[in-house]
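A structural walkthrough
For reference, the chains in residue letters:
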There are 2 protein chains.
Amino acid sequence: MKLLTKDSDYAIRTLMHLALHPHEFISTKQISDGQGMPYQFLRRIVQKLISHNLVESKEGIRGGIKIKREPEDIKIIDVMQIFQGPVQLSACMFRNKLCENRANCVLRRELQRIESIVRNEFRDVSIQKLINGIKG
Amino acid sequence: MKLLTKDSDYAIRTLMHLALHPHEFISTKQISDGQGMPYQFLRRIVQKLISHNLVESKEGIRGGIKIKREPEDIKIIDVMQIFQGPVQLSACMFRNKLCENRANCVLRRELQRIESIVRNEFRDVSIQKLINGIKG
DNA sequence: TTAAACTGATACTAAACTGGTATCAGAAGG
DNA sequence: CCTTCTGATACCAGTTTAGTATCAGTTTAA
């Protein structure tokens, strides 16, 4: 069970970096070099962050990217959902006839409970909270 | 993010079924038919449960499988670890030089905290607990 | 004594996902 | 007009997931 994929990971680290320099446009190249992330891979990730309005960009020679929302308001569950989709159940075996078989519902119910705990944990961690932790 | 794969799912449902009939050998065919699981797929899953000592088997015409451990003692995290391996971090980017970059440690620390919550939740759910839920 | 109903063991497959690379175009600034 | 940047895609290999297939051997009951 993998909670975080590489693209979510890189995206979060990038957002942290941008949040530390909220008024400058920083090039993707500079970030990928500094953080040891593959440049082309990060470019694709950054484009998604832009299309989801977490980051804004400026083209051209002094261009780059800049964080667009308050770091307190960006929760890591938002980033994960962009790259990994929603936290989801093992797809239900019985579709509509779901609850004919009680045994299956029991498992499903437990999974939903745990999923909701996981979602809450990831919703509780913002980019700001992460960068606060750096100083500590 | 998928918490449970199909093989874990089928394995848990199978263990629940076996736990409800702890003294009989039941054929894999009967279980796969009754629960709507693909037979050959379930056979491979069952063999893993046997090799991990959760289930015992009897060959031949009146043979089948039977649960081998107390349903209270089989936690769903055990089953998940058989089929999905351990709950794991996004692999560390910096290997040994991990903590030179404090920002990365912060993310890592949060992930570890959440992982431990997830592990505890899955460790708290036994096959017995699931079948108790059926009656309720 | 043999056919049917089982498990043991293993090999194969298609599709999706993951992580990464490459390319070509166009914008902006000096 | 050259360099540095983003926009937009297309490509790729390896792994994982979910499922199928096959052949061998064991047991039992008719």
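Residues numbered from 1 in each chain as written. Chains lettered and ligands numbered in written order. Predicted model: local features only at pLDDT ≥ 70, side-chain atom pairs only at ≥ 80, totals over all residues.

Further remarks concern the overall build of chain A. A count of helices and strands for chain A gives six helices and two strands. Reading chain A from its N terminus to its C terminus gives the helix and strand order α-α-α-β-β-α-α-α. The long-range fraction of contacts in chain A, counting pairs at least 24 apart against all pairs at least 6 apart in sequence, stands at 62%. (Helix = DSSP H or I, 4+ residues; strand = E, 2+ residues; numbered from the N terminus. Contact = placed C-beta atoms within 7 Å.)

The next subject is the environment of B:Glu72. Positionally, B:Glu72 belongs in the loop between β2 (64-67) and α4 (76-84). Sequence-distant contacts of B:Glu72, that is, excluding residues within four places in its chain, are made with B:Ser126 and B:Gln128.

Next up on the list: the environment of A:Phe25. As for its placement among the helices and strands, A:Phe25 is situated in the loop between α1 (6-20) and α2 (28-35). Dropping the residues within four chain positions of it, A:Phe25 is found in contact with A:Lys58, A:Gly63, A:Gly64, A:Ile65 and A:Lys66.

Right, let's talk about the relation of the copies chain B and chain A for a bit. By a simple turn and slide, chain B fits onto chain A: the slide is 0.0 Å along the axis, the RMSD is 0.1 Å, and the turn is 180°. A rotation of that kind, with that shift, is consistent with a two-fold axis. Ranked by how close their C-alpha atoms come to the rotation axis, the residues of chain B are headed by B:Val118, at 3.5 Å. When you check the interface residues of chain B against chain A, 100% turn up at the interface there too, and the contact is symmetric in its surfaces. (Least-squares fit on C-alpha atoms with pLDDT ≥ 70 in both.)

Let us now look at the protein's contact with DNA strand D. Neighbouring residues of DNA strand D: 25 residues in total, closest A:Ser27, B:Thr5, B:Pro38, B:Gly60 and B:Ile61. Of the residues forming the surface near DNA strand D, the biggest block, four residues, is contributed by helix α3 (residues 39-51) of chain A. The residue inventory of the surface near DNA strand D, partitioned by class, reads six nonpolar, ten polar and nine charged. (Near = placed C-beta within 6 Å. Nonpolar A, V, L, I, M, F, W, Y, C, P; charged D, E, K, R; others polar.)

Here the focus is the protein's contact with DNA strand C. Near DNA strand C you find 26 residues, and of these A:Thr5, A:Pro38, A:Gln40, A:Gly60 and B:Ser27 are the closest. Those elements giving two or more residues to the surface near DNA strand C turn out to be α1 and α3 of chain A together with α2 (28-35), α3 (39-51) and β2 of chain B. Of all the elements, α3(B) adds the most residues to the surface near DNA strand C, at four residues. Residue composition of the surface near DNA strand C, by class: six nonpolar, eleven polar and nine charged.

Contacts between the two partners involve 34 residues from chain B, matched on the other side by 35 residues from chain A. For the side of chain B that touches chain A, the elements supplying multiple residues, two or more each, are α1 (6-20), α4, α5 (102-123) and α6 (127-135) of chain B. With 13 residues, the top contributor of residues to the side of chain B that touches chain A is α5(B). For the side of chain B that touches chain A, a count of residues per class yields 19 nonpolar, seven polar and eight charged.

Right, let's get into the packing of α2(B) against α3(B). What describes two packed helices is the angle between their axes and the distance between those same axes. Residues and elements named next belong to chain B. Contact pair α2 / α3: the axes reach a minimum separation of 9 Å and the direction vectors enclose 125°. Taken together, the axes of α2 and α3 are oblique relative to one another. Note that α2 runs across α3; the crossing there is right-handed. Each of Thr 28, Lys 29, Ile 31 and Ser 32 in α2 lies in contact with α3, whose residues at this interface are Tyr 39, Leu 42, Arg 43 and Val 46. (Axes fitted to C-alpha atoms, helices over the stretch in contact; angles between N-to-C directions. Parallel < 35°, antiparallel > 145°, perpendicular 65-115°, else oblique. Left-handed = near helix turned anticlockwise from the far one by under 90°.)

Next up on the list: α1(B). All names here are of chain B. In this model, α1 (15 residues) spans 21 Å end to end at C-alpha, consistent with the 21 Å of a helix rising 1.5 Å per residue. Counted residue by residue, α1 has eleven buried out of 15 residues, so it is predominantly covered. When α1 is considered as a whole, its buried residues turn out to be Ser 8, Asp 9, Tyr 10, Ala 11, Ile 12, Arg 13, Thr 14, Leu 15, Met 16, Leu 18 and Ala 19. (Expected span 1.5 Å × (residues − 1). Buried ≥ 20, exposed ≤ 12 C-beta atoms within 10 Å, placed from the backbone.)

So, about the pairing of strand β1 (residues 55-58) of chain B. Residues and elements named next belong to chain B. Examined bridge by bridge, β1 and β2 share four bridges and lie antiparallel to one another. Opposite Ser 57, over in β2, you have Ile 65 as the bridge partner. In textbook terms, the turn of a hairpin is the stretch between consecutive antiparallel strands, and for β1 and β2 this stretch comprises five residues, one of which, Gly 60, has a positive phi near 90°. (Pairing = 2+ DSSP bridges.)

Don't take any of this as a statement about function, it's just geometry.
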